[in-house]
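# Structural description and commentary
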Amino acid sequence: MTETSEPFSEETVLRFARGTRLQYDRVREQWFIQAPERAFIADPSAAEILQLIDGKRTLGTVTDKLLQKFSATRDVLVHDVLHMTRELADKQVLQVV
Amino acid sequence: MTAIPPPMSLLAEVTHRCPLQCPYCSNPLRLDPRTDELSTADWLRVLDEAAAMGVLQVHFSGGEPMARPDLPDLVRHAVSLGLYTNLITSGVLLNAKSLKALTDAGLDHVQLSFQDADTAEAERIGGMAGAQAKKLEAARLIKEDGLPLTLNFVIHRQNAARVPAMLNMAERLGARRVEIAHTQYYGWGLLNRDALLPSRAQLEETEHTVAAARARFGTRLAIDFVTPDYYADQPKPCMGGWGQRFLNIAPTGKVLPCHAAESIPGLTFPTVRESSLQDIWQNAPLFTLYRGTDWMPDPCRSCAFKEQDWGGCRCQALALTGDASATDPVCNQAPGHGVIKQAIANRPAVPPAFRYRRYGNGEITNGT
Ligand code: SF4
Ligand code: SF4
């Protein structure tokens, strides 16, 4: 029996779990997610989303902020945000506040 | 601009001193004495150099890194440089005060090792009476603080039966990750191979247990499972490839591509006392020797997997074939693969006594 994780909604508020953070690596000129035992690359769109995760904003607000920067439709963007943050929560990078 | 991509991680073995004596310890057989250890100032400079060249994570290890009183200073400095800090500890020197010094310094994560889930067995394997209670208290303090905790168990024939209990223990102690890592057979592990190598049936049972636990834990508790490569067809990509992802610094300041590399004869080992980390990484013969695929003999040279496993472990090739540039004998295509089959076939029914990891204990030659 695998536990299935609840999908996130626009009301969800997230923060980085203790021991994980987003970090810009000046040597490689890339964003990384620093986590226990390894650092993994955050692709540019993940990095944009993660920079807005602060433990206060809802994912809806995060989406609205991104809309000001990108020319995607809100539907597409909100789907990406909810999906990517859910995945990172499953990897214990993000947690619900 | 650098020709060779920088390492991701630094394994800082700040001391070989340790109150435990695990017979599979990954330290070399000849342990560095305290008097030869790098000074605090040396380590601070090394951390500066590591961060500048692109290292992202520092793993403070040993021996028991908490045996060094300057550990919180090293952690604080690493944190100030933006490095991710991980403490790899046995936990026996950890108490509320020493933990607080580390968390105040900004420590990011702790990996705590246990020798077994059963107290008497754990203390027999680790060679330290009273260790288990100290470790359990360490886990409780780490959890109470809120630091993410990984438990590490090294698996072998004498504790494999208790993998289910180990997984329960990780859950009960509130760990976020647990490593169920079969012993790797070089250094002390090789010296004690007959006492440690599991049977194939034991290995398979651990695999089933882990698969079932993964389904049960879901995303709550991640399990990192490391197989014993003696029963694999192909070696592991040792250290993610020689001189590609990891730097290892021994207590005396020698810079190595992996913690066992000192066993390779006829090489000069670069040291941070004489050269910069960047220069060593880019140019030291020890690092360029087995980097990439040019050094490979056949069958690796013409193999489709050569950039997946990088021909396996150089130190294992050396220990088992006498030639560090041979294909890792763990590979079923390797000319030396017979020694692995033989080690499995000659595995004694009753495990012999451990040869414990102690200063001076690794220098006796193996008589059998
Ligand atoms: S493996 Fe055991 S003996 Fe070696 S450093 Fe770790 S706790 Fe100490
Ligand atoms: S032949 Fe060499 S590269 Fe191919 S699987 Fe074996 S060890 Fe790996």
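As recorded in an unreviewed UniProt entry, chain B goes by the name PqqA peptide cyclase, listed as coming from Acetobacter cibinongensis. Under Catalytic activity (unreviewed entry), UniProt gives the following word-for-word description of chain B: "[PQQ precursor protein] + S-adenosyl-L-methionine = E-Y cross-linked-[PQQ precursor protein] + 5'-deoxyadenosine + L-methionine + H(+)".

The name given to chain A in an unreviewed UniProt entry is Coenzyme pyrrolo-quinoline quinone (PQQ) synthesis protein D PqqD, and the organism recorded there is Acetobacter cibinongensis. Regarding chain A, the relevant UniProt record gives this comment under Pathway (unreviewed entry): "Cofactor biosynthesis; pyrroloquinoline quinone biosynthesis." The record held by UniProt for chain A lists under Subunit (unreviewed entry) the comment "Monomer. Interacts with PqqE."

A few words now on the packing of aromatic side chains. All names here are of chain B. Per the counting criterion, the structure on display carries seven aromatic pairs over all chains. Taken together, a centroid distance of 5.9 Å and an interplanar angle of 25° make the contact between Phe 114 and Phe 153 stacked. Here Phe 114, found in strand E4 (residues 109-114), pairs with Phe 153, found in strand E5 (residues 149-155); they are 39 residues apart in sequence, far enough to count as distant. When its relative accessible area of 0% is taken as the criterion, Phe 153 is described as buried.

On to helix H9 (residues 200-217) of chain B. All names here are of chain B. Compared with an ideal rise of 1.5 Å per residue, which puts 18 residues at 26 Å, H9 spans 26 Å between its outermost C-alpha atoms and is within 8% of the ideal. Inspection of H9 places Leu 203, Thr 206, Thr 209, Val 210, Ala 213 and Phe 217 among the buried residues, and these make up the whole buried set. Viewed along the axis of H9, the buried residues span an arc of 125°, placing them on a single side of the element. Every exposed residue of H9 that faces more than 90 degrees away from the buried side is listed here: Ala 201, Glu 205 and His 208. In this fold, the buried residues of H9 make contact with E5, helix H6 (163-172), strand E6 (177-182) and strand E7 (222-226). Just beyond H9, the residue with positive phi is Gly 218, at close to 55°.

Reading guide: rules and limits
- Residues numbered from 1 in each chain as written.
- Chains lettered and ligands numbered in written order.
- Predicted model: local features only at pLDDT ≥ 70, side-chain atom pairs only at ≥ 80, totals over all residues.
- Heavy atoms only, no water.
- UniProt positions renumbered as here; feature names shortened; annotations may be inferred.
- Phe/Tyr/Trp six-rings, centres within 6.5 Å; stacked < 30°, edge-to-face > 60°.
- Helix = DSSP H or I, 4+ residues; strand = E, 2+ residues; numbered from the N terminus.
- Buried < 20%, exposed > 50% of the residue type's maximum accessible area, 1.4 Å probe, protein only.
- Expected span 1.5 Å × (residues − 1).
- Arc of directions from axis to C-beta.
- Contact = heavy atoms within 4.5 Å.

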